[in-house]
Amino acid sequence: MTEDAAVAVPEKQEPGIFAVLRGALFVAKKDLRVEWRSKEILLTTGYFGLFVVLVFSFSFVAGAEKESVVPGILWVAIAFSGALGLGRVFEREREGDCIRALLLSPIARTSIYLGKVLGVLVFMVGVQAVVLPAVWFFFNLRLSMTNVAYLLGIVTLGTLGYAIVGTLLASMLIRARSKDVLLAIVLYPLILPMLIIGVQATGLLFAPELNLTELKVYLRVLGLYDAVFLVANLWIFEPLLMD
Amino acid sequence: MEQAIRAELFDSKKGLPTPPVLVLLSLAAAGVIAAAAWMVFFYAPIEKEMGFVQKIFYFHVPSAWLMLWSAPLMAVGSIGYLVTKKDKWDRLSDAGVELAIVFGALVMITGPLWGRKAWGAYWVWDVRLTSTLVLVLTLVACKIVRGYAGSSAKQIAAGLSILAVLNAIFVWVSVDLWQGSHPPKLVQTLSAEMKSTFWLSVLGFHLAYGALLWSRLRMGKLRTALDRLQMKAVEAGYDD
């Protein structure tokens, strides 16, 4: 009897990389579809991001050199509005009381994490579609096309790192009591390297002459940050969500 | 019942009575640190450029080293806990986090005092300063989360302390690209009296670290034992 039972339980198999990615796409698709129908997170945080930019514009507009202020404002707006969105990553599952169902679904745990990262990434790109033009508009920026391309590169790499770290923290705190405050206090110290490099690299774009060597170093460090934290988080996520 | 509780607390080899080696270690640490402090103020010469303020160095550098030792300690504890889910790894991780915060705080107190004289400012955005600050902040956040996160607090704390170590490395790299003004390694340039004072201080700090680590691990263990016994007592019908 016991032997039969043991046979009946399928052996736990490590899913292949494609299976993991497919699972991740499922999770991301689900989240994005829900978001697309309600537009709840995008509208609220995008609007909030706009206000962060505005508040900073009011505070700095008089006399400050915009080259020294703009990168900071841009990244603070990204960090703040991102934190607001991260607080909602697992909120729908929590409200619908189906976190357990998500965890029990026949996909790898890492798929859930990767899917959520993808969702956060798409959502943050949406927020930046509001924040970047707002900064450009209110500060009267003039950037060449190449610099715009670099800016998008920096912001994308930075956002990716933000999504990678932020999603892990958000999923860690699913069951925590004072989740929102806890997320804020663990998130900001951990994304600091990304903020420092993002601000510095963005600052380079406003210099009269573009220092390409330095910019490339910054981009590489950002890429490394993303890669290292992605690998570490994939490993940490698995044992983290065990019941 | 009471007997069973007593038996469980006292019978395990490292039970309630403080292990004599731990007492000796603590006494040795206190003695060596006192001797080092005496040497710092009465034996080591006054440094010619920095003057009296340089003496902070004898406490600042060992604290910084010990803060750095704590990083692998808590990383090992955290990884061990995530892999095995055994409480002893969690205790190691927690002890590492706490010691890193304690010695990090010492670094953050002594550093600015020295910096005020050397740089004319309490704080500059230097590599080591910034990464120390961020590390300590992350670890304090880690302790806060451990306290308030509820049932999954241990896993979260373990994950966070791994991320904190990785993050400190990245803060180091990023600020290094940005700017730098912390004095380079000074130990080789010291005079003989300064060197002996310094190394004695280092020894004292390490002994103290050992004693603290041991006590903290022991405390964690006793706390777990106590919790378990309390559960047992409640189950057996003892209300208080």
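Describe the overall build of chain B, naming the residues involved and giving the relevant values.
Check the secondary structure of chain B and you find seven helices and zero strands. Ordering the α and β elements of chain B from the N terminus gives α-α-α-α-α-α-α. Taking all 240 residues of chain B together, the buried fraction comes to 34%. Within chain B, counting contacts between residues at least 6 apart in sequence, those at least 24 apart form 77% of the total.

Pulling in residues and values, what's your account of the overall build of chain A?
When you go through chain A residue by residue, the secondary structure sums to ten helices and zero strands. Buried residues in chain A amount to 43% of all 243 residues.

I'd like a description of the interface of chain A and chain B, backed by residues and values.
Contacts between chain A and chain B engage 26 residues on the former and 27 residues on the latter. Elements supplying a minimum of two residues to the side of chain A that touches chain B: α9 (179-205) and α10 (212-240) of chain A. Its residues assigned to classes, the side of chain A that touches chain B comprises 22 nonpolar, two polar and two charged.

Lay out the confidence of the model for chain B in plain terms, naming residues and giving numbers.
Put simply, chain B has an average pLDDT of 82, and 87% of its residues get 70 or more. Taken together, the chains of this predicted complex give a pTM of 0.79 and an interface ipTM of 0.75.

Provide a residue-level description of the packing of helix α8 (residues 145-172) of chain A against α10 of chain A, including the pertinent values.
Residues and elements named next belong to chain A. One can describe the packing of α8 onto α10 by two numbers: an axis separation of 9 Å at closest approach and a directional angle of 20°. Taken together, the axes of α8 and α10 are roughly parallel relative to one another. Seen along the crossing, α8 lies across α10 with a hand that is left-handed. Here Tyr150, Gly153, Ile154, Leu157, Gly158, Leu160, Gly161, Ile164, Val165, Leu168, Ser171 and Met172 of α8 come into contact with α10, specifically with Leu215, Leu219, Leu222, Gly223, Tyr225, Asp226, Phe229, Leu230, Asn233, Ile236, Phe237 and Leu240. By residue class, the composition of the contact of α8 with α10 is 17 nonpolar, six polar and one charged.

Break down unusual backbone geometry for me, citing the residues and quoting the values.
Phi at lysine 39 of chain A takes a positive value of approximately 55°, unusual for a residue other than glycine. Checked against the element boundaries, lysine 39 of chain A lands in the loop between α2 (17-38) and α3 (40-60).

Just give me the short version of α10 of chain A, but keep the residues and values in it.
The end-to-end C-alpha distance of α10 of chain A, which contains 29 residues, comes to 41 Å, matching closely the 42 Å that a straight helix rising 1.5 Å per residue would cover. Among the residues of α10 of chain A, those classed as buried are Leu215, Tyr218, Val221, Leu222, Tyr225, Asp226, Phe229, Asn233, Ile236, Phe237 and Leu240 of chain A.

I'd like a description of the nonpolar core, backed by residues and values.
The biggest cluster of nonpolar side chains holds 116 residues, and the ones touching the most others in it are Val131, Val135, Leu169, Leu183, Val186 and Ile191 of chain A together with Val145 of chain B. Sequence-distant contacts of valine 135 of chain A, that is, excluding residues within four places in its chain, are made with Val53, Val70, Ile73 and Leu74 of chain A. Membership of the second largest hydrophobic core comes to ten residues, among which are Phe57, Phe59, Met194 and Leu200 of chain B.

Could you give an account of the environment of glycine 72 of chain A, naming the residues involved and the relevant values?
Tracing the sequence through the fold places glycine 72 of chain A in helix α4 (residues 66-86). By the C-beta count within 10 Å, which is 16 here, glycine 72 of chain A ends up partly exposed.

Which residues make up the environment of tyrosine 47 of chain A, and what values go with them?
By the secondary structure assignment, tyrosine 47 of chain A is in helix α3. Distance in space between the C-alpha atoms of tyrosine 47 of chain A and phenylalanine 139 of chain A is 18 Å, their sequence separation being 92 residues.

Describe the environment of leucine 217 of chain B, and please don't skip the residues or the numbers.
Residues and elements named next belong to chain B. By the element assignment, leucine 217 lies in helix α7 (residues 192-235). When the 17 C-beta atoms within 10 Å are taken as the criterion, leucine 217 is described as partly exposed. Sequence separation between leucine 217 and lysine 88 is 129 residues, and the spatial gap between their C-alpha atoms is 8.3 Å. Excluding anything up to four places from it in sequence, leucine 217 contacts Arg91, Leu92 and Ala95.

Which residues make up the packing of α3 of chain A against α4 of chain A, and what are the values?
Residue and element names in this part refer to chain A. Contact pair α3 / α4: the axes reach a minimum separation of 9 Å and the direction vectors enclose 150°. One element, α3, and the other, α4, form an angle in the roughly antiparallel class. Note on packing geometry: the crossing formed by α3 with α4 is right-handed. Side by side, α3 and α4 meet where Ile41, Thr45, Phe48, Gly49, Val52, Val53, Phe56 and Phe60 of the first sit next to Val69, Ile73, Val76, Ala77, Phe80, Ser81, Leu84 and Gly85 of the second.

So what's going on with α7 of chain B? Which residues, and what values?
All names here are of chain B. The end-to-end C-alpha distance of α7, which contains 44 residues, comes to 64 Å, matching closely the 64 Å that a straight helix rising 1.5 Å per residue would cover. Residues of α7 that are buried: Met194, Thr197, Phe198, Leu200, Ser201, Gly204, Phe205, Leu207, Ala208, Tyr209 and Ala211. Packed against the buried residues of α7 are α2 (20-42), α3 (57-84) and α4 (87-118).

Can you explain the confidence of the model for chain A? Please cite residues and give values.
Residue and element names in this part refer to chain A. Summarising the model, chain A shows a mean pLDDT of 83, and 91% of its residues fall at 70 or more. α8 holds the highest mean pLDDT among the elements of chain A, 90, whereas helix α1 (residues 2-8) holds the lowest, 46. Between residues 1-9, whose pLDDT stays under 50, and residues either more than four places distant or in other chains, the model counts zero contacts.

Quick notes on the rules
Residues numbered from 1 in each chain as written. Chains lettered and ligands numbered in written order. Predicted model: local features only at pLDDT ≥ 70, side-chain atom pairs only at ≥ 80, totals over all residues. Helix = DSSP H or I, 4+ residues; strand = E, 2+ residues; numbered from the N terminus. Buried ≥ 20, exposed ≤ 12 C-beta atoms within 10 Å, placed from the backbone. Contact = placed C-beta atoms within 7 Å. Nonpolar A, V, L, I, M, F, W, Y, C, P; charged D, E, K, R; others polar. pLDDT = per-residue confidence, 0-100. Axes fitted to C-alpha atoms, helices over the stretch in contact; angles between N-to-C directions. Parallel < 35°, antiparallel > 145°, perpendicular 65-115°, else oblique. Left-handed = near helix turned anticlockwise from the far one by under 90°. Expected span 1.5 Å × (residues − 1). Core = buried A, V, L, I, M, F, W, Y, C linked by C-beta atoms within 7 Å.

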